[in-house]
Amino acid sequence: MSINLAQLKQQQLEYAESIIIQDKLDFTIPKFIGGTDVGFENGGEITRAAIVVLSYPDLRLVEYKVAKVKTEFPYIPGYLSFREYPALEEAWQQISQKPDLLLVDGQGIAHPRGVGIASHLGLLLNIPTIGVAKKRLYGQYTDPDSKPLSYEKLWDKHGEQQIGWVLRSKLRCNPLFISPGHRVSYQTALDWVIKCLKGYRLPEPTRFADAVASNKPFFSQVLRGM
DNA sequence: GCGACAG
DNA sequence: ATCTTGTCGC
(Lines give C-alpha, C1' and ligand atoms only; values in the text may rest on other atoms or scores of the structure.)
Protein backbone atom coordinates (compact mmCIF):
# COMPACT_ATOMS: atom_id res chain seq x y z
CA MET A 1 0.00 0.00 0.00
CA SER A 2 1.33 3.42 -0.88
CA ILE A 3 0.75 6.35 1.40
CA ASN A 4 0.47 9.90 0.24
CA LEU A 5 1.18 11.95 3.36
CA ALA A 6 0.92 15.22 1.51
CA GLN A 7 -2.61 14.33 0.54
CA LEU A 8 -3.53 13.21 4.05
CA LYS A 9 -2.07 16.41 5.42
CA GLN A 10 -4.32 18.33 3.06
CA GLN A 11 -7.28 16.32 4.27
CA GLN A 12 -6.45 17.21 7.87
CA LEU A 13 -6.23 20.88 6.97
CA GLU A 14 -9.70 20.65 5.48
CA TYR A 15 -11.05 18.82 8.51
CA ALA A 16 -9.51 21.47 10.75
CA GLU A 17 -11.80 24.09 9.28
CA SER A 18 -14.87 22.11 10.31
CA ILE A 19 -13.85 21.32 13.84
CA ILE A 20 -16.00 23.13 16.37
CA ILE A 21 -14.32 24.29 19.55
CA GLN A 22 -17.50 25.39 21.26
CA ASP A 23 -20.10 23.56 23.27
CA LYS A 24 -22.56 21.94 20.93
CA LEU A 25 -23.85 19.39 23.38
CA ASP A 26 -27.15 17.56 23.43
CA PHE A 27 -27.21 17.42 27.20
CA THR A 28 -26.83 19.36 30.41
CA ILE A 29 -26.03 16.31 32.46
CA PRO A 30 -24.90 13.39 30.29
CA LYS A 31 -26.57 10.02 30.71
CA PHE A 32 -23.58 8.15 29.30
CA ILE A 33 -19.94 9.02 28.83
CA GLY A 34 -17.75 6.85 26.65
CA GLY A 35 -14.09 6.07 26.48
CA THR A 36 -11.84 4.60 23.80
CA ASP A 37 -8.56 2.75 23.64
CA VAL A 38 -6.78 0.91 20.87
CA GLY A 39 -4.36 -1.98 21.03
CA PHE A 40 -2.65 -4.25 18.53
CA GLU A 41 -2.15 -7.94 18.00
CA ASN A 42 0.24 -10.08 16.01
CA GLY A 43 2.95 -7.52 15.89
CA GLY A 44 0.54 -4.83 14.74
CA GLU A 45 -1.23 -6.85 12.07
CA ILE A 46 -4.54 -6.54 13.84
CA THR A 47 -5.95 -3.35 15.33
CA ARG A 48 -8.15 -3.86 18.36
CA ALA A 49 -10.38 -0.91 19.24
CA ALA A 50 -12.44 -0.75 22.40
CA ILE A 51 -15.23 1.63 23.26
CA VAL A 52 -16.81 1.55 26.69
CA VAL A 53 -19.96 3.27 27.91
CA LEU A 54 -20.25 4.42 31.51
CA SER A 55 -23.34 5.77 33.20
CA TYR A 56 -23.13 9.25 34.71
CA PRO A 57 -22.68 10.36 37.42
CA ASP A 58 -22.07 6.95 38.94
CA LEU A 59 -19.45 6.09 36.31
CA ARG A 60 -20.35 2.43 36.13
CA LEU A 61 -19.57 0.34 33.07
CA VAL A 62 -22.82 -0.39 31.27
CA GLU A 63 -21.59 -1.59 27.89
CA TYR A 64 -18.45 -2.19 25.89
CA LYS A 65 -17.56 -3.28 22.41
CA VAL A 66 -14.26 -4.43 20.92
CA ALA A 67 -13.71 -4.36 17.16
CA LYS A 68 -10.80 -6.03 15.43
CA VAL A 69 -9.78 -5.04 11.93
CA LYS A 70 -6.73 -5.57 9.82
CA THR A 71 -4.19 -2.79 10.30
CA GLU A 72 -3.55 -1.01 7.04
CA PHE A 73 -1.70 2.11 8.07
CA PRO A 74 1.56 2.52 10.01
CA TYR A 75 2.07 4.65 13.08
CA ILE A 76 3.26 8.05 12.00
CA PRO A 77 3.23 10.86 14.57
CA GLY A 78 0.59 13.34 13.47
CA TYR A 79 -1.31 10.75 11.45
CA LEU A 80 -2.49 8.42 14.18
CA SER A 81 -6.14 8.77 13.23
CA PHE A 82 -5.59 7.19 9.83
CA ARG A 83 -4.27 4.12 11.63
CA GLU A 84 -6.86 3.85 14.38
CA TYR A 85 -10.05 5.40 13.04
CA PRO A 86 -11.31 2.39 11.03
CA ALA A 87 -11.41 0.10 14.06
CA LEU A 88 -12.86 2.78 16.30
CA GLU A 89 -15.64 3.50 13.81
CA GLU A 90 -16.47 -0.19 13.68
CA ALA A 91 -16.66 -0.38 17.47
CA TRP A 92 -18.82 2.75 17.55
CA GLN A 93 -21.37 1.22 15.20
CA GLN A 94 -21.63 -1.81 17.43
CA ILE A 95 -22.40 0.23 20.54
CA SER A 96 -26.13 0.22 21.23
CA GLN A 97 -26.16 2.92 23.90
CA LYS A 98 -24.37 5.77 22.15
CA PRO A 99 -22.63 7.94 24.77
CA ASP A 100 -23.40 11.67 24.91
CA LEU A 101 -19.71 12.45 25.21
CA LEU A 102 -16.63 10.48 24.25
CA LEU A 103 -13.19 10.69 25.88
CA VAL A 104 -10.71 9.60 23.23
CA ASP A 105 -7.23 8.34 23.97
CA GLY A 106 -5.03 10.78 22.12
CA GLN A 107 -4.96 14.44 21.21
CA GLY A 108 -7.90 16.61 20.23
CA ILE A 109 -6.88 19.88 18.60
CA ALA A 110 -3.47 19.81 20.35
CA HIS A 111 -1.99 18.61 17.09
CA PRO A 112 0.32 20.13 14.43
CA ARG A 113 -2.65 20.81 12.15
CA GLY A 114 -5.30 20.93 14.85
CA VAL A 115 -6.76 17.52 14.06
CA GLY A 116 -5.77 14.85 16.56
CA ILE A 117 -7.66 11.56 16.62
CA ALA A 118 -10.26 12.87 19.07
CA SER A 119 -11.14 15.70 16.70
CA HIS A 120 -11.00 13.47 13.64
CA LEU A 121 -13.34 10.95 15.28
CA GLY A 122 -15.71 13.58 16.62
CA LEU A 123 -15.96 15.30 13.27
CA LEU A 124 -16.61 12.17 11.22
CA LEU A 125 -19.10 10.75 13.70
CA ASN A 126 -20.49 14.16 14.55
CA ILE A 127 -20.30 13.66 18.30
CA PRO A 128 -18.79 15.68 21.18
CA THR A 129 -15.30 14.38 21.91
CA ILE A 130 -12.44 15.27 24.23
CA GLY A 131 -8.83 14.31 23.68
CA VAL A 132 -7.13 12.71 26.69
CA ALA A 133 -3.48 11.94 25.95
CA LYS A 134 -0.80 10.54 28.19
CA LYS A 135 1.97 12.34 26.36
CA ARG A 136 2.50 15.60 24.56
CA LEU A 137 2.51 15.61 20.79
CA TYR A 138 2.44 19.30 20.11
CA GLY A 139 2.55 22.57 21.99
CA GLN A 140 4.40 24.02 24.92
CA TYR A 141 3.66 24.23 28.60
CA THR A 142 5.06 24.57 32.08
CA ASP A 143 4.63 21.68 34.47
CA PRO A 144 1.57 21.95 36.66
CA ASP A 145 2.05 21.99 40.42
CA SER A 146 2.40 18.59 42.10
CA LYS A 147 -0.92 19.10 43.86
CA PRO A 148 -3.65 16.93 42.32
CA LEU A 149 -6.00 18.76 39.93
CA SER A 150 -3.44 21.49 39.32
CA TYR A 151 -3.27 22.42 35.68
CA GLU A 152 -1.61 24.71 33.18
CA LYS A 153 -2.60 25.78 29.71
CA LEU A 154 -1.08 24.02 26.73
CA TRP A 155 -0.06 26.63 24.19
CA ASP A 156 0.57 26.53 20.47
CA LYS A 157 4.00 26.67 18.89
CA HIS A 158 4.34 30.40 19.43
CA GLY A 159 2.79 30.52 22.85
CA GLU A 160 0.11 32.80 21.47
CA GLN A 161 -2.95 30.63 21.54
CA GLN A 162 -4.21 27.98 23.90
CA ILE A 163 -4.70 24.53 22.41
CA GLY A 164 -5.48 22.55 25.53
CA TRP A 165 -4.55 21.82 29.12
CA VAL A 166 -1.92 19.90 31.07
CA LEU A 167 -3.61 18.34 34.06
CA ARG A 168 -2.05 16.71 37.07
CA SER A 169 -4.79 14.15 37.57
CA LYS A 170 -3.00 12.33 40.37
CA LEU A 171 -0.19 12.95 42.83
CA ARG A 172 3.23 11.78 41.68
CA CYS A 173 1.98 10.89 38.23
CA ASN A 174 2.83 12.47 34.91
CA PRO A 175 0.17 14.93 33.78
CA LEU A 176 -2.53 14.33 31.20
CA PHE A 177 -2.84 16.39 28.02
CA ILE A 178 -6.42 17.47 27.54
CA SER A 179 -7.79 19.23 24.49
CA PRO A 180 -11.16 19.77 22.84
CA GLY A 181 -11.90 17.14 20.24
CA HIS A 182 -15.07 18.40 18.57
CA ARG A 183 -18.17 20.31 19.70
CA VAL A 184 -16.62 20.98 23.11
CA SER A 185 -15.05 24.16 24.54
CA TYR A 186 -11.73 24.30 26.37
CA GLN A 187 -13.41 24.71 29.73
CA THR A 188 -15.88 21.92 29.12
CA ALA A 189 -13.11 19.58 28.02
CA LEU A 190 -11.24 20.15 31.26
CA ASP A 191 -14.36 20.04 33.41
CA TRP A 192 -15.60 16.70 32.18
CA VAL A 193 -12.26 15.02 32.45
CA ILE A 194 -12.01 16.20 36.04
CA LYS A 195 -15.55 15.01 36.76
CA CYS A 196 -14.59 11.58 35.47
CA LEU A 197 -11.54 11.22 37.71
CA LYS A 198 -11.88 8.78 40.56
CA GLY A 199 -8.53 8.60 42.29
CA TYR A 200 -6.54 7.30 39.35
CA ARG A 201 -4.35 8.98 36.81
CA LEU A 202 -6.80 8.28 33.99
CA PRO A 203 -10.45 9.31 33.96
CA GLU A 204 -12.79 6.34 34.39
CA PRO A 205 -13.96 6.06 30.76
CA THR A 206 -10.37 5.89 29.55
CA ARG A 207 -9.32 3.60 32.35
CA PHE A 208 -12.10 1.14 31.61
CA ALA A 209 -11.38 1.29 27.91
CA ASP A 210 -7.75 0.47 28.68
CA ALA A 211 -8.86 -2.50 30.72
CA VAL A 212 -11.19 -3.78 28.03
CA ALA A 213 -8.75 -3.24 25.18
CA SER A 214 -5.91 -5.02 26.93
CA ASN A 215 -5.81 -8.54 28.24
CA LYS A 216 -4.81 -7.83 31.79
CA PRO A 217 -5.99 -8.84 35.24
CA PHE A 218 -8.00 -5.70 35.74
CA PHE A 219 -10.15 -6.66 32.78
CA SER A 220 -11.77 -9.58 34.54
CA GLN A 221 -12.27 -7.31 37.50
CA VAL A 222 -14.05 -4.88 35.24
CA LEU A 223 -16.33 -7.54 33.82
CA ARG A 224 -17.42 -8.54 37.29
CA GLY A 225 -18.55 -5.03 37.95
CA MET A 226 -21.20 -5.37 35.25
C1' DG B 1 20.88 18.98 8.86
C1' DC B 2 19.01 17.80 13.70
C1' DG B 3 15.76 16.78 17.17
C1' DA B 4 10.80 15.79 18.37
C1' DC B 5 7.47 12.55 17.86
C1' DA B 6 -0.33 10.90 20.42
C1' DG B 7 -0.62 5.31 20.08
C1' DA C 1 1.48 0.54 20.92
C1' DT C 2 4.14 -4.09 22.13
C1' DC C 3 7.84 -7.37 24.06
C1' DT C 4 8.48 -8.54 29.62
C1' DT C 5 10.48 -9.66 35.88
C1' DG C 6 11.57 -7.84 39.21
C1' DT C 7 11.75 -3.90 41.84
C1' DC C 8 11.87 0.81 43.99
C1' DG C 9 8.86 4.22 46.25
C1' DC C 10 4.73 5.81 48.40
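Quick notes on the rules
Residues numbered from 1 in each chain as written. Chains lettered and ligands numbered in written order. Predicted model: local features only at pLDDT ≥ 70, side-chain atom pairs only at ≥ 80, totals over all residues. Heavy atoms only, no water. Buried < 20%, exposed > 50% of the residue type's maximum accessible area, 1.4 Å probe, protein only. Helix = DSSP H or I, 4+ residues; strand = E, 2+ residues; numbered from the N terminus. Contact = heavy atoms within 4.5 Å. Pairing = 2+ DSSP bridges. Axes fitted to C-alpha atoms, helices over the stretch in contact; angles between N-to-C directions. UniProt positions renumbered as here; feature names shortened; annotations may be inferred. 1 Å grid on protein atoms, 1.4 Å probe; cavity = no way out; pocket = protein on both sides within 12 Å on 5 of 7 lines; lining within 4 Å. Near = heavy atom within 4 Å. Polar contact = N/O pair within 3.5 Å; in protein donor to acceptor, adjacent residues only side chain to side chain. Nonpolar A, V, L, I, M, F, W, Y, C, P; charged D, E, K, R; others polar.

An α-helical turn contains 3.6 residues, so a residue and the one three or four places further along point in the same direction. Residues of helix H4 (residues 186-195) that are buried: Tyr 186, Thr 188, Ala 189, Leu 190, Trp 192 and Val 193. In the core, the buried residues of H4 are packed alongside strand S1 (32-41), strand S4 (101-105), strand S5 (129-133), strand S6 (151-155), strand S7 (162-167) and strand S8 (176-182).

Burial within S7 is extensive, with six of its six residues counted as buried. Linking S6 to S7, which pair antiparallel, is a turn of six residues; within it Gly 159 sits at a positive phi near 70°. The pairing of S7 with S8 spans three bridges and is antiparallel. When the bridges of S8 are listed, Trp 165 appears paired with Ile 178.

Here we come to the sheet that holds strand S3 (residues 61-70). The strand order across the open sheet formed by eight strands is S3-S2-S1-S4-S5-S8-S7-S6, and the pairing between neighbours is mixed. With partners counted over all chains shown, the strands left at the sheet margins are S3 and S6, one partner each. Put simply, the sheet's adjacent strands are angled 25° from each other on average, direction ignored. The strands touched by helix H3 (residues 117-125) within the sheet are S4, S5 and S8, with S8 carrying the most contacts at an inclination of about 25°.

Let us look at the UniProt feature "binding site: Mg(2+)" (unreviewed entry) in chain A. When the UniProt feature table is mapped onto this chain, "binding site: Mg(2+)" (unreviewed entry) is found at Asp 37 and Asp 105. Taken together, the annotated residues stretch across 69 residues yet fold into one region, lying no more than 5.8 Å apart by C-alpha. When the annotated set is filtered for residues lining the largest pocket, what remains is Asp 37 and Asp 105. Secondary-structure assignment places Asp 37 in strand S1. Look at Asp 37 and you get buried, because its relative accessible area is 11%. Here Asp 105 is to be found in strand S4.

Before going further, it helps to examine the UniProt feature "site: Interaction with target DNA" (unreviewed entry) in chain A. Listed under "site: Interaction with target DNA" (unreviewed entry) in the UniProt record, and renumbered for this structure, are Tyr 75. Relative to the assigned elements, Tyr 75 resides in the loop between S3 and helix H2 (80-94). Residues in contact with Tyr 75, not counting those within four places in the same chain, are Leu 80 and Arg 83.

Take the protein's contact with DNA strand C next. Around DNA strand C, the structure places Gly 39, Phe 40, Lys 134 and Arg 172. Among atoms of DNA strand C positioned within 4 Å of the protein, sugar and phosphate together represent 100%. Within the backbone of Phe 40, a nitrogen or oxygen atom sits 3.5 Å from a phosphate oxygen of DNA strand C. Within the side chain of Arg 172, one N or O atom sits 2.9 Å away from a sugar or linking oxygen of DNA strand C. A per-class count over the surface near DNA strand C returns one nonpolar, one polar and two charged.

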